[in-house]
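Residues per chain are reported as follows:
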Amino acid sequence: MEFYPAIEKSDLQDIKKFQEHKLRELVVYLENNSPFYKRLFKENNINILDIQTLEDLQKIPTTTKNDLQEHNDDFFCISPDKIVDYSTTSGTLGDPVTFGLSDSDLERLAYNEAISFACAGIRKGDVVQMITTIDKRFMAGLAYFLGLRKMGASVVRMGPGIPELQWDSIFRYKPKYLITVPSFLLKMIDYAEKHGVDYKNSSVYGAVCIGESIKNQDFTDNILSQKIKEKWDIKLFSTYASTEMSTAFTECEFQTGGHQHPELIITEILDDDENPVGEGENGELTITTLGVEAIPLLRFKTGDIVKAHHEPCGCGRSTMRLGPVVGRKQQMIKYKGTTLYPPAMNDILNDFNTILCYQIVIQSNEIGLDEIIIKLSTEQDHETFVNEVRDHFRAKLRVSPKIEIIDFDILSKTVFNPNSRKPITFIDLR
């Protein structure tokens, strides 16, 4: 039962006391080992002995992605000879941010994924096919493998792409679960239907979906999820994670948000003034990692706008749950008086079965206002289809973006870039 931590079903006050004890240990560790946080404490006259409760976190300035990029080396708390793995994440200023993991950090990463997969229903002995890269300094792929190994599951490391090989592997090794970007499931279904693959009678029971949202804010299936399930009756589980957190929020069988692991992470949801939002309000997810040795983070602003859910879950866990990401703070678009985030536009475009692929491009026009360009490929009559898409945008979002039809062979090379870990459906040129 080690992959079903008792703390997750504990009383909320007990969870809070547990996290406060871990927080006090963390600030001492940072004071002693982190050049960045030691400097931050000194410059802001913070006595770490004053940080006793979760509420005391507000006495400490937040950390941003820019801080990580500008002072990357100063975040390391251990010497280079103790780093056993290097991962990177894309930086806001252009260059990637390096994350090192110690042996202890890799153990923590494996434990995080093991209890996250267990939350989604994966058990010892299950066969799981990984349709995601494990190379290219990608932390998540390594985490999935380590977590599945730790919990005693069998792993089929297929990597992304090539539907034919995915199906060959599925019928050869009979996986119960897939780990994949959900939009790729549509490509697998399309290939199966065109080549007579009996996919509806495969061994696959469910998929852990990464990188793309599959739920609306009320936890109903969004358009992408509906399109998959209309064709293939499998379970789809949401999960949310990032390299910086080294922690995942994964849905249980009741599928009402990703459960927090209180052993591994402290969460805050903050408004634009960095105050906690009210119950049921959206805000920026701000995290404090627990148990990380190489690069622990304190009050790190993820840039993701989310809503926390605290009502009891049917699984018995009392932990906070994260709803689907509303959008990224930096990707907020102000268009003719309307505030938009890319996920809302994704839902509209995913509603059209005849769109082969698409890309949303945001740029500033000559007077400094946001301009939306939707690039898409379709086999439909172009003029009629453009009007249909534009009308759908007007009806759903009350905006009318510029729409460009691009040949599939050209657009698909940009969207499905081999150097990217997931489809590039959004580009911000502002």
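Cut-offs and rules
Residues numbered from 1 in each chain as written. Predicted model: local features only at pLDDT ≥ 70, side-chain atom pairs only at ≥ 80, totals over all residues. Heavy atoms only, no water. Patch = residues over 30% accessible without salt bridge, like charges linked within 9 Å, V, L, I, M, F, W, Y side chains within 5 Å. Areas by Shrake-Rupley, 256 points an atom, 1.4 Å probe, with all protein chains shown as cover. Salt bridge = Lys/Arg side-chain N within 4 Å of Asp/Glu carboxyl O. Helix = DSSP H or I, 4+ residues; strand = E, 2+ residues; numbered from the N terminus. Pairing = 2+ DSSP bridges. Axes fitted to C-alpha atoms, helices over the stretch in contact; angles between N-to-C directions. Contact = heavy atoms within 4.5 Å. Core = buried A, V, L, I, M, F, W, Y, C linked by side-chain atoms within 4.5 Å. Buried < 20%, exposed > 50% of the residue type's maximum accessible area, 1.4 Å probe, protein only. Phe/Tyr/Trp six-rings, centres within 6.5 Å; stacked < 30°, edge-to-face > 60°. Lys NZ or Arg CZ within 6 Å of the ring centre and 35° of its normal. Right-handed = clockwise from strand over helix to strand, strands pointing away. Expected span 1.5 Å × (residues − 1). Arc of directions from axis to C-beta.

Looking up the protein in an unreviewed UniProt entry gives the name Phenylacetate--CoA ligase, with the organism given as Chryseobacterium vrystaatense.

Q: Is there a simple way to explain a nonpolar patch on the surface in this structure?
A: The grouping of Leu356, Phe408 and Phe416 at the surface amounts to a nonpolar patch, some 230 Å² of accessible area in total. Within the secondary structure, Phe408 is located in helix α11 (residues 408-415).

Q: Can you help me understand the sheet that holds strand β17 (residues 355-364) in this one?
A: Either a parallel or an antiparallel arrangement is found when strands of a sheet pair, and the pairing is made through backbone hydrogen bonds. The four strands are arranged β19-β18-β17-β20 in an open sheet whose pairing can be described as mixed. The strands lining the two open edges of the sheet, one partner per strand, are β19 (402-405) and β20 (426-428). Each neighbouring strand pair of the sheet contributes to a mean axis angle of 20 degrees, computed without reference to strand direction. In the sheet, strand β18 (residues 370-378) pairs with β19 via four bridges, with the strands oriented parallel. Directly across from Ile373, in β19, lies its bridge partner Lys402. Each of β17, β18 and β20 is contacted by helix α9 (residues 342-350), which is oriented at about 150 degrees to β17, the strand it contacts most.

Q: Sorry if this is basic, but what is going on with the nonpolar core here?
A: One recurring pattern in soluble globular proteins: nonpolar side chains tend to sit buried together. If you look at the biggest cluster of nonpolar residues, it comprises 41 residues, and the most contacted ones within it are Tyr37, Phe41 and Leu298. Those elements that provide at least two residues to this core are α1 (12-33), α2 (35-43), β2 (97-101), β10 (265-270), β11 (282-289) and β12 (300-309). Each residue touching Leu298, except ones within four places of it in the same chain, is listed here: Leu23, Leu26, Val27, Leu30, Tyr37, Phe41, Leu57, Ile60, Thr63, Ile287 and Thr288. By size, the runner-up hydrophobic cluster in this structure holds 22 residues, among which are Ile362, Val386, Leu397 and Val399.

Q: Just to check I follow, could you spell out the packing of aromatic side chains for this structure?
A: How two aromatic rings sit relative to each other is given by the distance of their centres and the angle of their planes. Evaluation of the coordinates by the stated rule reveals 12 aromatic pairs. On the numbers, 6.1 Å between centres and 35 degrees between planes, the contact of Trp167 with Phe171 is tilted. Here Trp167 pairs with Phe171, and both are found in helix α6 (residues 163-173), just four residues apart, close to one helical turn. Overall, the relative accessible area of 3% leaves Trp167 in the buried class. By the ring-pair criterion, three or more aromatic residues cluster together here, those being Phe36, Tyr37, Phe41 and Phe75. The ring of Tyr205 is capped by Lys176, whose NZ or CZ atom sits 5.4 Å from the centre of that ring.

Q: Explanation requested: the pairing of strand β8 (residues 247-251) in the structure shown.
A: Each regular strand displays side chains that alternate between the two surfaces of the sheet. In terms of burial, β8 is a largely internal element, five of the five residues being buried. Burial of the side chains of β8 extends over both faces: Thr247, Phe249 and Glu251 are buried on one face and Ala248 and Thr250 on the other. As paired elements, β8 and strand β9 (residues 258-259) share two bridges and run antiparallel to each other. Paired with Thr250 across the two strands is His259, which belongs to β9. Hairpin connection of β8 to β9: six residues between the antiparallel strands, including Gln255 at a positive phi of 50 degrees.

Q: Quick question: what am I supposed to make of the pattern of salt bridges here?
A: When charged atoms on two side chains of opposite charge get close, those side chains can pair. Tallying each qualifying case throughout the model produces 18 salt bridges. The shortest N-O distance in the salt bridge between Arg317 and Glu8 comes to 3.2 Å. Residue Arg317 is located in the loop between β12 and β13 (321-322), and its partner Glu8 is located in the segment before α1; the two are separated by 309 residues in the primary sequence. An identical accessibility class is assigned to Arg317 and Glu8; each is buried. Notably, a salt bridge pairs Lys215 with Glu251, separated by 2.8 Å at the nearest N-O pair. Here Lys215 is found in the loop between β6 (206-209) and α8 (223-231), whereas its partner Glu251 is found in strand β8, with 36 residues between them in sequence. This pair shows no difference in class: Lys215 is buried, exactly as Glu251 is.

Q: Honestly, the pairing of β18 in this entry has me stumped. Any pointers?
A: With seven of its nine residues buried, β18 lies for the most part within the structure. One ladder, built from nine bridges, connects β17 with β18; its direction is antiparallel. Among the inter-strand pairings, Ile355 is bridged to a residue of β18, identified as Thr378. Of the crossover connections in this fold, the one passing from β18 over helix α10 (residues 382-397) to the parallel β19 is right-handed.

Q: Quick question: what am I supposed to make of α1 here?
A: Under the 1.5 Å per step criterion, the end-to-end length of α1 is 31 Å for 22 residues, consistent within 8% with the ideal 32 Å. Turning to α1, its buried residues are Ile15, Gln19, Glu20, Leu23, Leu26, Val27 and Leu30. Looking straight down α1, one finds that the buried residues subtend no more than 135 degrees of arc, so they occupy a single side. Opposite the buried face of α1, at more than 90 degrees from it, the exposed residues are Lys17 and Asn32.

Q: Is there a simple way to explain the side chain of Gln166 in this structure?
A: Positionally, Gln166 belongs in helix α6. Residue contacts for Gln166: discarding those within four places in its chain leaves Gln129, Ile131, Met158, Gly159, Pro160, Gly161, Phe184 and Met188.

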